[in-house]
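Coordinate inspection notes
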Amino acid sequence: MIILVLNSGSSSLKYKLFNMPDEELLSSGLIENIGDAHKKSVFTYKNLPHEKIKGETDCKDHRHAVELVFDALTETTSGFLKNLKEISAIGHRVVHGKDIFTGPAVVSEDSLAEMKKLTELAPLHMPVNIACIEECIKILPGVLQVAHFDTSYYTGMPEFSSLYPVPYDWHKKYSVRRYGFHGISYQYVNETASLLLKKPLSELKLISTHLGNGASITAFSQGRVLDTSMGFTPLEGLMMGTRAGYFDPAVIPYLISKTGFSLEDIIKKLNNESGLTAISGIGRDMRSIIDASREGNTRAQLAFDMFVHTLRKYIGAYFFSLGGADAIIFTGGIGENSPEVREAVFENLAPLGLAIDEKANRSIKREKTGFINTETGKTKILVIPANEELMIARETYKTAS
Ligand code: AMP
């Protein structure tokens, strides 16, 4: 069964085409800078076994991006499909399901209407997620489409960690609480960790970190979420590429009175101009930050130190809340590819049973999975490349069969 998976971000669209249940990857691609007035869109894709193709394109919005994906899949020279009708089902990543969508949902008029009501909870992401679904309905009407929510994996998170200590009716009347994100990524790495550790998730205590441009950390006990760093929106928690993470909200009225910024200006700055970008002064890319620190750039060094310090703080809090952990998992661009960050996080923690094997740590980069803890380390430390698309394909296949 051929399943297409679309993973839309605020200005990007990633896709993978799988033959299920064999999990054979047939084609994959990424369109970046969608709708960016200042930069050309870049479309990189690979229809296996052909070479990777990369080129600039004009892509005005996500609907247009979906059209480009379908064109690439049926391209006469290297396209994998002769006809789009060979696609049996489409799986979509959708960022927010609130407490309404507690698992994958078949796309229908009703479910789509419910999703549209959630736009105000994730205004950057929900409109593009929904646009991709609607474009697929237009191009392939009648083909099964399944929405997979980043928040569903958090269903059942205890009230003591999901509620904020704010007036109780904010929670009851306005659903203000911690929802948690990156759930699909965590489901994939946790299930992979369970196979590698040869134990069911119900018997494991895990601390999983997704460290990409967006970054979060989640503690799991007996297969359920105990606590997570992202909150009502993906702004809370760890220091991120351009997001501030945890932050005292009292600064907001103070800044409004001092600077004349509007509330919208400040929220935008907390989302897009904070985090690694703000502190380093040279952008959000951890590779450049590490290189610049080595050359003596003190702000880059400070950005690195702040990122690591925040991560250590959360790992420590979750390690204690769980009463120890069987494994700590790293995924996402930084988690998978930065031995420097992983090493710094565990510096001097051997007395707590948390120690990195330097050689193993250095050898794990670029799409590699493996253990990086020392043999004597009580807690296993694992690197597992993110694969949200495969997780979505597996769940879509279950719904379709
Ligand atoms: P993601 O959002 O998961 O695609 O992660 C993207 C981020 O991963 C980039 O902005 C970089 O900060 C980081 N990254 C990618 N490759 C490396 C690397 N080799 N070393 C350090 N950071 C990396």
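In case you missed it, the structure is sitting above this.
Definitions and cut-offs
- Residues numbered from 1 in each chain as written.
- Predicted model: local features only at pLDDT ≥ 70, side-chain atom pairs only at ≥ 80, totals over all residues.
- Heavy atoms only, no water.
- Helix = DSSP H or I, 4+ residues; strand = E, 2+ residues; numbered from the N terminus.
- Rg over C-alpha atoms; globule rule 2.2 N^0.38 Å.
- Buried < 20%, exposed > 50% of the residue type's maximum accessible area, 1.4 Å probe, protein only.
- Contact = heavy atoms within 4.5 Å.
- Lys, Arg positive; Asp, Glu negative; His and termini not counted.
- Charge placed at Lys NZ, Arg CZ, Asp CG, Glu CD.
- Pairing = 2+ DSSP bridges.
- Near = heavy atom within 4 Å.
- Polar contact = N/O pair within 3.5 Å; in protein donor to acceptor, adjacent residues only side chain to side chain.
- Areas by Shrake-Rupley, 256 points an atom, 1.4 Å probe, with all protein chains shown as cover.
- Nonpolar A, V, L, I, M, F, W, Y, C, P; charged D, E, K, R; others polar.
- Phe/Tyr/Trp six-rings, centres within 6.5 Å; stacked < 30°, edge-to-face > 60°.
- Patch = residues over 30% accessible without salt bridge, like charges linked within 9 Å, V, L, I, M, F, W, Y side chains within 5 Å.
- Salt bridge = Lys/Arg side-chain N within 4 Å of Asp/Glu carboxyl O.
- Core = buried A, V, L, I, M, F, W, Y, C linked by side-chain atoms within 4.5 Å.

What about the overall build of the protein?
Per the secondary structure count, the protein includes 15 helices and 14 strands. Taken over the C-alpha trace, the protein has a radius of gyration of 21 Å; the compact-globule value for 401 residues is 21 Å, and the two agree within 12%. In terms of its C-alpha atoms, the protein occupies a principal-axis envelope of roughly 60 × 55 × 45 Å. A total of 401 residues make up the protein; the buried ones form 52% of that total. Looking at the protein alone, contacts between residues at least 24 apart form 61% of all its contacts between residues at least 6 apart. With 44 positive and 47 negative side-chain charges, the protein shows a spacing of 3 Å between the two charge centroids.

Thoughts on the sheet that holds strand β3 (residues 24-32)
As summarised here, the arrangement of the eight strands in space is β5-β4-β3-β2-β1-β6-β8-β7, forming an open sheet in which the pairing is mixed. Only two strands of the sheet have a single partner each, and these edge strands are β5 (53-57) and β7 (105-106). As defined by bridge partners, strand β2 (residues 13-19) adjoins β3 across seven bridges and the pair is classed as antiparallel. Bridge assignment links Lys-14 to a residue of β3, and that residue is Leu-30.

Examining the sheet that holds strand β12 (residues 327-331)
Overall, mixed pairing links the six strands, which are arranged β11-β10-β9-β12-β14-β13 in an open sheet. Here the strands that pair on one side only, and so sit at the sheet edges, are β11 (224-228) and β13 (370-371). The sheet contact formed by β12 and strand β14 (residues 380-383) spans four bridges and is parallel. In the sheet register, Ile-329 faces β14, and the bridge partner there is Leu-382.

Some words on the site of the ligand
Inspection of the region around the ligand gives Gly-212, Asn-213, Arg-284, Asp-285, Met-286, Arg-287, Gly-332, Gly-333, Ile-334, Asn-337 and Ser-338 as its neighbouring residues. The separation between an oxygen atom of the ligand and a polar main-chain atom of Gly-333 is 2.9 Å. Protein chains bury 75% of the 500 Å² of accessible surface belonging to the ligand in isolation. Looking at the shell around the ligand, the elements with two or more residues in it are α10 (286-294) and α12 (332-337). Take the shell around the ligand: its biggest share by element is four residues, from α12. A per-class count over the shell around the ligand returns two nonpolar, six polar and three charged.

Notes on the packing of aromatic side chains
By the definition in use, this model includes nine aromatic pairs. Consider the rings of Tyr-246 and Tyr-314, whose centres lie 6.3 Å apart with planes at 50 degrees: the pair is tilted. With Tyr-246 in the loop between β11 and α7 (251-259) and Tyr-314 in helix α11 (residues 298-322), this pair connects stretches of sequence that are 68 residues apart. For Tyr-246, a relative accessible area of 39% puts it in the partly exposed group. Three or more aromatic residues link up through ring pairs in this structure, and these residues are Tyr-15, Phe-43 and Tyr-45.

What about a nonpolar patch on the surface?
A contiguous nonpolar patch, built from Ile-256, Leu-263 and Ile-267 and spanning about 220 Å² of accessible area, is present on the exposed surface. Looking at where Ile-267 falls in the secondary structure, it is placed in helix α8 (residues 263-272).

Notes on the pairing of β12
Moving residue by residue along a regular strand, the side chains alternate between the two faces of the sheet. In terms of burial, β12 is a largely internal element, five of the five residues being buried. Burial along β12 is two-sided: Ala-327, Ile-329 and Thr-331 and Ile-328 and Phe-330, pointing in opposite directions, are all buried. With five bridges connecting them, strand β9 (residues 205-211) and β12 associate as parallel partners. Counted as the bridge partner of Thr-209 is Phe-330 from β12.

Examining the environment of Gly-9
Structurally, Gly-9 can be placed in the loop between β1 (2-8) and β2. The class of Gly-9 is buried, set by a relative accessible area of 15%. Along the primary structure Gly-9 and Val-95 are separated by 86 residues, whereas in three dimensions their C-alpha atoms are 8.9 Å apart.

Details of the nonpolar core
Core analysis: the largest hydrophobic core is formed by 59 residues, its most contacted members being Met-115, Met-286, Phe-307, Leu-311, Val-341 and Phe-346. Among the elements that take part in this core, α11 stands out by supplying eleven residues, more than any other. Apart from residues lying up to four places away in sequence, Val-341 is in contact with Met-286, Phe-304, Phe-307, Val-308, Leu-311 and Ile-334.

Some remarks on the pairing of strand β10 (residues 215-221)
Counted residue by residue, β10 has six buried out of seven residues, so it is predominantly covered. For β9 and β10, the ladder comprises seven bridges, and the chain directions are antiparallel. Note that in β10 the partner of Lys-205 across the bridge is Ser-221. A loop of three residues connects β9 with β10, the two strands running antiparallel in sequence. Two elements, β10 and β11, share four bridges in a ladder whose sense is antiparallel. Its bridge partner being in β11, Thr-218 is matched across the sheet by Thr-228.

Any functional reading would require information that these geometric values do not contain.
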